[in-house]
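Summary of structural features
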Amino acid sequence: MAGIRDVAEQANVSIATVSRVLSKPETVAEETMKKVMKVIELLNYQPNAAARQLRLSETTTILVVVPDITNTFFSKVLRGIESVAIENGYQVLLGDSANNAERGKGYLNILRQKKAAGMILLTAGIEAKIVEKIALEYPVVLACEYLEGVNVPTVSIDNVSSARKATEYLIHLGHKKIGLISGPMNSVLGRDRLKGFYQAMAQYNVKVEPELVQEGDFSYETGFNMMLKLLAYSQTPTAVFAANDEMAFGAINAAEQKGLSVPRDISIIGFDDIQFSAIFKPALTTVSQPAFQIGTKAMDLLLRLMTKQRFSKTKTQYILENQIITRDSCQKHDQ
């Protein structure tokens with residue numbers, strides 16, 4: 001296969017001239033450019049795109065950092081991001097922080113080394129001051145989660161009101177002993193969904209039993225284990241709000257292992273509406289996030305940053321709609 005040196009020798013020009021013909025043709029005399037292009041065609045020379053991007057300090061790669069690649073919710077967000085990226089000539093590089101802030105910070109070097117044109121963070125696990133600093137130098141968008149007081153374009157739902165809505169749903173079904181398997185308290189999503197739960201319980205004067213509020217980590221395993229813990233108390237709940245679908249699946253299986261029927265003996269509601277929620281047995285009632293739209297909106301905002309389009313001074317945070325999808329895992333409770 002012909003290389004750039006072969007083109008330069010046959011066209012009787014320098015390698016630098018061939019490089020300028022390919023990268024900055026406006027700086028090369030027309031006669032020289034025609035001569036070089038004729039040789040390129042004759043030799044069927046294929047420029048090394050990766051090397052050319054490095055020389056130009058340009059890239060068509062977008063970096064997306066997720067907190068946990070095993071959480072299937074993010075797959076739909078990623079599909080939304082990629083659909084807009086591909087349409088605009090970009091490719092997506094995925095980084096999994098594994099809920100580790102230090103590991104997440106390591107991905108920032110990809111931006112610093114100019115190996116990515118911009119970054120979408122699907123996690124707020126990296127320190128706010130670090131995100132704010134990197135966003136001053138490079139195009140950065142935050143999606144799914146948010147950082148308080150940081151002026152970075154953000155796309156998410158209102159997790160407080162969504163969790164309040166899920167808890168209200170159980171209250172309206174007649175439940176008074178409601179348990180919660182929350183997300184981790186070091187996560188903004190965990191804290192916000194806990195806050196929404198407490199707001200609904202207070203609004204309807206439903207007593208919160210402290211032992212019926214257990215902290216999970218958004219995994220199936222903690223949903224299973226925390227449900228076993230809830231069922232071990234003398235005052236067992238008649239309904240449980242699990243702060244994501246993975247934990248809800250674990251909670252349902254734990255309840256059934258203890259001989260309980262969902263929803264006849266205990267109602268369970270989840271959060272996210274991942275694809276498996278509709279085919280799980282029983283099909284899961286859950287709060288649906290517009291995951292694909294979160295992804296498309298985040299990529300659209302990143303494109304605007306990369307092309308230096310101005311944002312409205314009052315519109316850098318975008319809150320998308322959510323809804324409760326009612327299925328088979330909840331039912332009315334007779335007092």
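First, a word on scope: everything that follows refers to the structure included in this document. (Residues numbered from 1 in each chain as written. Predicted model: local features only at pLDDT ≥ 70, side-chain atom pairs only at ≥ 80, totals over all residues. Heavy atoms only, no water.)

1. So, the environment of Lys129
Inspection of the secondary structure puts Lys129 in helix α8 (residues 128-137). In the structure, Lys129 is positioned 112 residues away from Thr17 in sequence and 44 Å away in space, judged by C-alpha atoms. (Helix = DSSP H or I, 4+ residues; strand = E, 2+ residues; numbered from the N terminus.)

2. What about the pairing of strand β8 (residues 239-242)?
Of the two faces of β8, the one carrying Ala239 and Phe241 and the one carrying Val240 and Ala242 are both buried. Relative to β8, strand β6 (residues 178-182) runs parallel, the two sharing four bridges. Pairing of Gly179 across the sheet is with Val240, part of β8. With three bridges connecting them, β8 and strand β9 (residues 267-272) associate as parallel partners. The partner of Phe241 across the bridge, within β9, is Ile269. (Buried < 20%, exposed > 50% of the residue type's maximum accessible area, 1.4 Å probe, protein only. Pairing = 2+ DSSP bridges.)

3. Digging into the sheet that holds strand β5 (residues 154-156)
Strands pair in a sheet through their backbones, by hydrogen bonds, and they do so in one of two ways: parallel or antiparallel. One open sheet holds the six strands; their spatial order is β2-β1-β3-β4-β5-β11, and the pairing between them is parallel. Only two strands of the sheet have a single neighbouring strand rather than two, namely β2 (91-96) and β11 (317-319). Pairs of neighbouring strands in the sheet enclose a mean axial angle of 20°, with direction left out of account. Bridge analysis of β5 against β11 gives three bridges, and the strand direction is parallel. What sits directly across from Thr154, in β11, is Gln317. (Axes fitted to C-alpha atoms, helices over the stretch in contact; angles between N-to-C directions.)

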